[in-house]
Amino acid sequence: GRPTGPGAALGLWPVLGPETAAAPAAKVENPDINVGRATFWGTLLAALVTAGVCVAAMGIVPPAVLAKSNAPMADVASVVWGDWGAKGIAILGAISAFGCINGWILLQGAVPQARARDGLFPKRAAQENAGGSPAFALIVGSMLASVMVIANHTQTLIGLFTFLALLATLANL
């Protein structure tokens, strides 16, 4: 049958993101060429690395273990390099998460700024501070994100992620 419920929206979650590549185009040199190239090559590289890592994981760790794992890459590293490998992967995962958070924080200012320049958001969101940052859009976006997390503080981490992924998917649609 056709997809229903949160599964359909969560199925779209992994493919969100490339559309945001154009948000900071006003600050990119030669955006007509560079934004498209960066989006294409970045998406292709991410897809190849992800597919390679997943195939390697399936070849190293038994499927029954992977199916029940909360940290499959740490399990793979543990098999290949021992306990220090699993800890190293966990540290690299944390560094990656902080990098993603940094990118999303920057994006939460760039997207409203671009929409304001197009006349779709209030003009205040397009304004930049002395350093060239869309400070108003960043502050409002951060406040909204904080309210969403606080409003769902009773959720488990998975429940909170599901809620935020559904909200983000809906907003993108």
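All values reported here derive from a predicted model rather than from experimental measurement.

(A) Up close: the overall build of the chain. Helix and strand counts for the chain stand at seven helices and zero strands. Scanning the chain from its N terminus toward the C terminus, one meets helices and strands in the order α-α-α-α-α-α-α. The C-alpha extent of the chain, read off along each of the three principal axes, is 55 × 40 × 40 Å. Counting over 173 residues, the chain shows a buried share of 18%. For the chain, restricting intrachain contacts to residue pairs at least 6 apart in sequence, the fraction spanning at least 24 positions comes to 38%. Summed over its atoms, the accessible surface of the chain is roughly 12200 Å², and 71% of this surface lies on carbon and sulfur atoms. If the 9 positive side-chain charges of the chain are averaged to one point and the 7 negative ones to another, these points end up 7 Å apart.

(B) Seen up close, helix α5 (residues 83-117). With 35 residues, α5 extends 51 Å from end C-alpha to end C-alpha; this agrees with the ideal 51 Å at 1.5 Å per step. Residues G85, A86, L107, G109, A110, P112, Q113, A114 and A116 constitute the buried set of α5. Of the surrounding elements, those touching the buried residues of α5 are α4 (72-81) and α6 (135-151). The first or second residue beyond α5 is G119, which carries a positive phi of 85°.

(C) Here's a closer look at the packing of aromatic side chains. One pass over the structure, following the stated rule, counts two aromatic pairs. Between W81 and W84, the aromatic rings sit 6.4 Å apart at their centres with planes inclined by 40°, giving tilted as the arrangement.

(D) Representation of the packing of helix α2 (residues 31-60) against α4 in the model. Two elements in contact, α2 and α4, have axes separated by 10 Å at closest approach and are oriented at 55°. It follows from the interaxial angle that α2 and α4 lie oblique. Considering only the axes of α2 and α4, their crossing is left-handed. Note on element contacts: α4 touches α2 through M73, V76, V79 and V80, opposite V53, A57 and I60. Tallied by class, residues from the contact of α2 with α4 come to seven nonpolar, no polar and no charged.

(E) Representation of a nonpolar patch on the surface. Together, I60, V79, V80, W81 and W84 make up a nonpolar patch on the protein surface, roughly 540 Å² of accessible area in all. Top contributing element to the nonpolar patch by residue count: α4, with three residues. Mapping V80 onto the fold places it in helix α4.

Reading the values: rules and limits
Each chain carries its own residue numbering, running from 1 in the direction its sequence is written. With pLDDT at 70 or above as the cut-off, local features in this predicted model cover only qualifying residues; side-chain atom pairs require 80 or more to be listed or tallied, and sums for whole chains, interfaces and linings still use all residues. Excluding hydrogens and water, the side-chain values take into account all heavy atoms of the structure. Numbered from the N terminus, helices here are DSSP runs of H or I no shorter than four residues, and strands are runs of E no shorter than two. Exposure categories follow from relative accessible area, calculated using a 1.4 Å probe and restricted to protein chains: below 20% of the type maximum is buried, above 50% is exposed, and the middle band is partly exposed. Contact between two residues is taken to exist if any of their heavy atoms lie within 4.5 Å; hydrogens are not considered. Computed with a 1.4 Å probe, the accessible areas rest on the Shrake-Rupley method; for each residue, only the protein chains presented here act as cover. The sign given to each residue is positive for Lys and Arg and negative for Asp and Glu; His and the chain ends receive no count. Lysine's charge is taken at NZ, arginine's at CZ, aspartate's at CG and glutamate's at CD. How far a helix is expected to stretch is found by multiplying one less than its residue total by 1.5 Å. Only centres within 6.5 Å qualify two rings of Phe, Tyr or Trp (six-membered ring in Trp) as a pair; their planes then separate them into stacked at under 30 degrees, edge-to-face at over 60, and tilted for everything else. Fitted lines through C-alpha atoms give the axes, limited to the stretch in contact for helices. The angle between two N-to-C directions lies from 0 to 180 degrees. Angle categories: roughly parallel below 35 degrees, roughly antiparallel above 145, roughly perpendicular from 65 to 115, and oblique for all the rest. Here a crossing is called left-handed whenever its near helix is offset anticlockwise from the far helix by less than a right angle, and right-handed whenever the offset is clockwise. Residue classes follow a fixed rule: Ala, Val, Leu, Ile, Met, Phe, Trp, Tyr, Cys and Pro count as nonpolar, while Asp, Glu, Lys and Arg count as charged, and any other residue, Gly among them, counts as polar. For patch detection, residues must exceed 30% relative accessible area and be free of salt bridges, and they are connected within 9 Å for like charges or within 5 Å for nonpolar side chains (Val, Leu, Ile, Met, Phe, Trp, Tyr). When a carboxyl oxygen of Asp or Glu lies within 4 Å of a side-chain nitrogen of Lys or Arg, that pair is called a salt bridge.

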